[in-house]
Amino acid sequence: MALGFSMVALHSRRTEGEDKIFATNNAALNAAKVVGSDRVVNASIGALLNEDGSLSVLPTVIDLLRNLPPEEYAAYAPIGGLPSFLEAAKKAVFRHHVPKGYMEAVATPGGSGAIRHAIWNYSEIGDAILTSDWYWGPYKTVAEEHGRTLETYSLFDEKDAFNLTSFKEKTVSLLEKQSSIVILLNSPAHNPTGYSLSMEEWKEVITFLRSQASNTEKRIILFSDIAYIDFSGDVDDSRAFMELFGDLPQNILTIVAFSMSKGYTLYGMRCGAMIGISSNPDVAKEFKSANQFSNRGVWSNGTRPAMTVLAKIFEDPQLLKQVEAERRTLQDMLTERADVFIQEAKKANLKICPYKAGFFITIPCKNPDLVAAALQKEYIFAVPLGKGLRFAVCSVPKIHCATVPQTIARIIQQVDADL
Ligand SMILES: Cc1ncc(COP(=O)(O)O)c(C=O)c1O
């Protein structure tokens, strides 16, 4: 849409693009008003819903939150986060796989806040940030909001494995142009594909980054986005790769983004942390001070009640056990839906991206917008992406996950044939 009279500063003038996730969700809600919610498959929502469509919550987490004393809601948290929360966040992130090195943590409003600070504090204005071609849309929004661009490598090779060649090529080419590179790598349970790098793939990534770091003029920032880790299988196995973040050259900084949104069902509390790991104590110290300064300069302090809840969970093994048991029930529900979707997709000859775990399954297709529009006529609401459709198994009851692949396969064929 062309802009008419405008009051915003030049850097904030953008063509108005509708957020496709919200637009798809609105269309689904409108359809439900007309034909009834039981006939509508709303696969746009990126939150885990129960089979009856209500939001899944971890009762222990909500009870802890409800029973906090009033001062815990009313008081500020320290700018960098409550110390007890920062300790708990490190435990929640690494469990038995703590990398060797100097480590500092800073509280942020969810993983989103960590993405913002990493981009702002570790790349130069005008730099390109690197991620894969399938990516979570806000990566681009945050990069552009801060005067950066987003560049991508192909996530998958012809065998549907991590495309190391493409990853290497893009990293090398950006490092030729820039003194530093921020790499946003979302694994395990990647949004939108559900892919998780294997341990072998992680080792190859780290070996390659080590080789690039031999040029000591360059700075490499590996941003490990683990937003969905608590829904990616065994608590400890899923974290084994993080030991690879230890003992790296001083010009590689790893930042792990912790989020309470999914793993603790506290999406709305906006609580998370960024944890920096370096072999150089000065880099770790600088990480703390730069990101704490950014907290003060952007949103001040974070959400104290959520921080206290995490601290309490990790101070009491019984509470942690309870949370994990409740989460396992949710994980089982999610896995059942994904399993049935994948099974039916196979039967329908519907190609999907290699899914290992997580909230979304992605269907590559040539005309995502047309396919999404045609699916809406059948009351199926999936989000069109650049190269396919994102289907949120997290928000769709199992019964629909079993029938939808057939319909999607048919609609894709129809749309392709009509063009
Ligand atoms: C890939 C990815 N990273 C990070 C986030 C951050 O979420 P939050 O800011 O709520 O922690 C999300 C949320 O949807 C996500 O999908």
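Residues numbered from 1 in each chain as written. Predicted model: local features only at pLDDT ≥ 70, side-chain atom pairs only at ≥ 80, totals over all residues. Heavy atoms only, no water.

Visitor: What am I meant to see in the packing of aromatic side chains here?
Guide: Aromatic ring pairs are described here by two measures, namely the spacing of the ring centres and the angle between the planes. A full pass over the atoms with the stated rule returns 17 aromatic pairs. With 6.0 Å between their ring centres and 85° between their planes, Trp136 and Tyr139 make a pair best called edge-to-face. For Tyr139, a relative accessible area of 2% gives the class buried. Here Phe258 and Tyr264 contribute two aromatic rings whose centre-to-centre distance is 6.1 Å and whose plane-to-plane angle is 70°, an arrangement assigned as edge-to-face. For Phe258, a relative accessible area of 4% puts it in the buried group. A relative accessible area of 1% means that Tyr264 is categorised as buried. (Phe/Tyr/Trp six-rings, centres within 6.5 Å; stacked < 30°, edge-to-face > 60°. Buried < 20%, exposed > 50% of the residue type's maximum accessible area, 1.4 Å probe, protein only.)

Visitor: Mind showing me how you'd approach the nonpolar core here?
Guide: For soluble globular proteins, nonpolar side chains are generally found buried alongside one another. Grouped together as the largest cluster of nonpolar side chains are 115 residues, with contacts concentrated most on Phe85, Phe258, Tyr264, Phe341, Phe391 and Ile408. The biggest single contributor to this core is helix H11 (residues 317-347), with ten residues. Counting contributing residues per domain, this core is built from domain 1 (17-58 + 323-418) and domain 2 (77-315), each supplying no fewer than three. (Core = buried A, V, L, I, M, F, W, Y, C linked by side-chain atoms within 4.5 Å. Helix = DSSP H or I, 4+ residues; strand = E, 2+ residues; numbered from the N terminus. Domains from an automatic or database assignment.)

Visitor: It is not clear to me how the sheet that holds strand S12 (residues 388-392) should be interpreted in this structure. Could you clarify?
Guide: The strands making up a sheet are joined through hydrogen bonds of the backbone, oriented either antiparallel or parallel. Judged by pairing direction, the sheet is antiparallel, and its three strands sit side by side in the order S9-S12-S11 without closing on themselves. Edge positions in the sheet fall to strand S9 (360-364) and strand S11 (383-384), since each has one partner strand and no second. The pairing of S9 with S12 spans five bridges and is classified as antiparallel. Looking at the pairing, Ile363 lines up with Leu389 of S12. Where helix H12 (residues 368-377) meets the sheet, its contacts fall on S11 and S12, and the angle it forms with S12 comes to roughly 45°. (Pairing = 2+ DSSP bridges. Contact = heavy atoms within 4.5 Å. Axes fitted to C-alpha atoms, helices over the stretch in contact; angles between N-to-C directions.)

Visitor: Got a minute to help me understand the UniProt feature "domain: Aminotransferase class I/classII large" (unreviewed entry) in the chain in this structure?
Guide: Feature annotation in UniProt places "domain: Aminotransferase class I/classII large" (unreviewed entry) on residues 40-384, given in this structure's numbering. Secondary structure content for residues 40-384 is 42% helix and 17% strand, and the end C-alpha separation is 17 Å. (UniProt positions renumbered as here; feature names shortened; annotations may be inferred.)

Visitor: Whenever I open this one, the site of the ligand confuses me. Can you help?
Guide: Taken together, 13 residues form the shell around the ligand, and within it Ser112, Asp225, Ser259, Ser261 and Lys262 come nearest. Ser112 has a polar side-chain atom sitting 2.5 Å from an oxygen atom of the ligand. Note that an oxygen atom of the ligand is positioned 2.6 Å from one of the side-chain N or O atoms of Ser261. Protein contacts shield 92% of the accessible area of the ligand, which totals 390 Å² for the unbound molecule. Looking at which element gives the most residues to the shell around the ligand, the answer is helix H5 (residues 110-122), with three residues. Residue composition of the shell around the ligand, by class: three nonpolar, seven polar and three charged. (Near = heavy atom within 4 Å. Polar contact = N/O pair within 3.5 Å; in protein donor to acceptor, adjacent residues only side chain to side chain. Areas by Shrake-Rupley, 256 points an atom, 1.4 Å probe, with all protein chains shown as cover. Nonpolar A, V, L, I, M, F, W, Y, C, P; charged D, E, K, R; others polar.)

Visitor: How do you make sense of the side chain of His146 when you look at a structure like this?
Guide: Topologically, His146 is positioned in the loop between helix H6 (138-145) and strand S4 (149-153). On the accessibility criterion, His146 (13% relative accessible area) is buried. At 2.8 Å, the side chain of His146 and the backbone oxygen of Val142 are in polar contact. Residues contacting His146, with those up to four places away along its chain left out, are Arg116, Ile119 and Trp120.

Visitor: Please explain the state of the cysteines as it appears in this structure.
Guide: Cysteine pairs can be linked by a disulfide, which is a covalent bond between their two sulfur atoms. Tallied over the entire structure, the rule returns zero disulfides. Here Cys365 stays unpaired: no disulfide links it, and the sulfur of Cys353, its closest cysteine neighbor, is 10 Å away. Residue class for Cys365 comes out buried when judged on its relative accessible area of 13%. The structure places no disulfide on Cys401, whose sulfur is separated from the nearest cysteine sulfur, that of Cys394, by 9.4 Å. Under the relative-accessibility criterion, Cys401 is labelled buried at 0%. (Disulfide = S-S within 2.5 Å.)

Visitor: Just to check I follow, could you spell out the domain arrangement of the chain for this structure?
Guide: Interface extent is often summarised as the accessible area lost during association of the parts. You can read the domains of the chain as domain 1 (17-58 + 323-418) and domain 2 (77-315). Computed over C-alpha atoms only, the centres of domain 1 and domain 2 are separated by 27 Å. Each partner contributes residues to the interface: domain 1 has 30 residues there, and domain 2 has 24 residues. Roughly 2200 Å² of surface becomes buried between domain 1 and domain 2 when both sides are summed, with 61% attributable to carbon and sulfur atoms. Counting the contacts that link domain 1 with domain 2 gives four salt bridges. (Buried area = accessible area lost by both parts, 1.4 Å probe. Salt bridge = Lys/Arg side-chain N within 4 Å of Asp/Glu carboxyl O.)

Visitor: Explain the packing of helix H4 (residues 83-94) against helix H10 (residues 304-315) to me, please; I cannot follow it from the model alone.
Guide: Packed helices, taken two at a time, are described by the angle between their axes plus the distance between the axes. Where H4 meets H10, the closest approach of the two axes is 8 Å, and the angle between their N-to-C directions is 60°. By the angle class used here, H4 and H10 are oblique. H4 and H10 meet at a crossing whose hand is left-handed. On the side of H4, the interface is formed by Ser84, Phe85, Ala88, Ala89, Lys91 and Ala92, while H10 contributes Met307, Leu310, Ala311, Phe314 and Glu315. (Parallel < 35°, antiparallel > 145°, perpendicular 65-115°, else oblique. Left-handed = near helix turned anticlockwise from the far one by under 90°.)

Visitor: Sorry, what's going on with the pattern of salt bridges here?
Guide: Opposite charge on two side chains lets them pair, provided their charged atoms get close. Here the structure, examined in full by the defined rule, presents 18 salt bridges. The shortest N-O distance in the salt bridge between Lys170 and Glu151 comes to 3.2 Å. Here the residue Lys170 occupies a position in helix H7 (residues 164-177), and Glu151 occupies one in strand S4, the gap between them amounting to 19 residues. Its relative accessible area of 26% is what places Lys170 among the partly exposed residues. Glu151 gets classed as partly exposed once you look at its relative accessible area, which sits at 23%.

Visitor: It is not clear to me how the environment of Val323 should be interpreted in this structure. Could you clarify?
Guide: Of note, Val323 is situated in helix H11. The exposure class of Val323 is buried, given its relative accessible area of 0%. As a C-alpha pair, Val323 and Gly276 span 47 residues in sequence and 26 Å in three-dimensional space. Apart from residues no more than four positions distant in its own chain, Val323 is found in contact with Leu58, Thr60, Val61, Tyr264 and Ile313.

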